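# Examination of the molecular architecture
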Amino acid sequence: QVQLVESGGGLVQAGGSLRLSCVASGRTFNRDGMGWFRQAPGKEREFVAGISWTGGYTYYGDPVKGRFTISRDNAKTTVLLQMNSLKPEDTGVYYCAADYGSYWRVSKIVDDYDSWGQGTQVTVSS
């Protein structure tokens, strides 16, 4: 089992930036695909971005393409999500998730992920 701890959320004005961090511990990290999801009140959990085990493949949800960047540092067991040009519709709780042993696969499906962090709140004001 891997433990995931997110940080970096907060309140920001539209057009601003935030960087989310997810630190993993408890199992081998560098064979796992990693993803960021978000959930707004009353809505389904939504795929934001994902990255393969070496960082060679990245995928983004359509609403964030061109604005968000996912990266990972396996030596530090950390996944980052750089969020630029934030919009009010980006508001929600952001979750980091691990897809065990997925290697090259980057899934956009919630049920493919095996462990989840507790989430960090991102609020974008207009």
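The sections below set out a description of the structure shown in this document.

The rules behind these values
- Residues numbered from 1 in each chain as written.
- Predicted model: local features only at pLDDT ≥ 70, side-chain atom pairs only at ≥ 80, totals over all residues.
- Heavy atoms only, no water.
- Salt bridge = Lys/Arg side-chain N within 4 Å of Asp/Glu carboxyl O.
- Helix = DSSP H or I, 4+ residues; strand = E, 2+ residues; numbered from the N terminus.
- Buried < 20%, exposed > 50% of the residue type's maximum accessible area, 1.4 Å probe, protein only.
- Polar contact = N/O pair within 3.5 Å; in protein donor to acceptor, adjacent residues only side chain to side chain.
- Contact = heavy atoms within 4.5 Å.
- Core = buried A, V, L, I, M, F, W, Y, C linked by side-chain atoms within 4.5 Å.

## With respect to the pattern of salt bridges
This model, assessed by the stated rule, comprises five salt bridges. Of the charged contacts in the structure, one is a salt bridge between R38 and D90, with a shortest N-O distance of 2.8 Å. Remark: D90 occurs in the loop between β8 (78-83) and β9 (92-99) and R38 occurs in strand β4 (residues 33-39); sequence separation between them is 52 residues. The exposure classification of R38 matches that of D90, with both residues buried. Where D90 meets R67, a salt bridge forms, and the shortest distance between an N and an O atom there is 2.8 Å. Note that D90 is positioned in the loop between β8 and β9 and R67 in the loop between β6 (58-60) and β7 (68-73), a separation of 23 residues in sequence. Here the two residues D90 and R67 agree in accessibility, since each one is buried. Here the salt bridges do not stand alone but share partners, grouping R38, E46, R67 and D90 into one network.

## Examining the side chain of R67
When its relative accessible area of 11% is taken as the criterion, R67 is described as buried. Side-chain polar atoms of R67 contact the side chain of D90, separated by 2.8 Å. Ignoring anything within four residues of it in the chain, the contact list for R67 reads Q82, M83, N84, S85, L86, K87 and D90.

## Comments concerning the nonpolar core
Formed by 26 residues in total, the largest nonpolar core has its most connected members in M34, W36, L81, M83 and Y94. Of all the secondary-structure elements, those providing two or more residues to this core are β3 (18-25), β4, β5 (46-51), β7, β8, β9 and β11 (120-125). Ranked by residue count, the leading element in this core is β3, at four residues. Among residues more than four places away in sequence, those in contact with L81 are L18, R19, L20, W36, V48, A49, F68, T69, I70 and Y94.

## Quick word on unusual backbone geometry
One non-glycine residue, S85, adopts positive backbone phi at about 50 degrees. Here S85 is to be found in the loop between β8 and β9. On the basis of relative accessible area, S85 is assigned to the partly exposed category, the value being 40%. A positive phi angle is found at Y103, which is not glycine, with a value near 50 degrees.

Geometry only, nothing functional implied.
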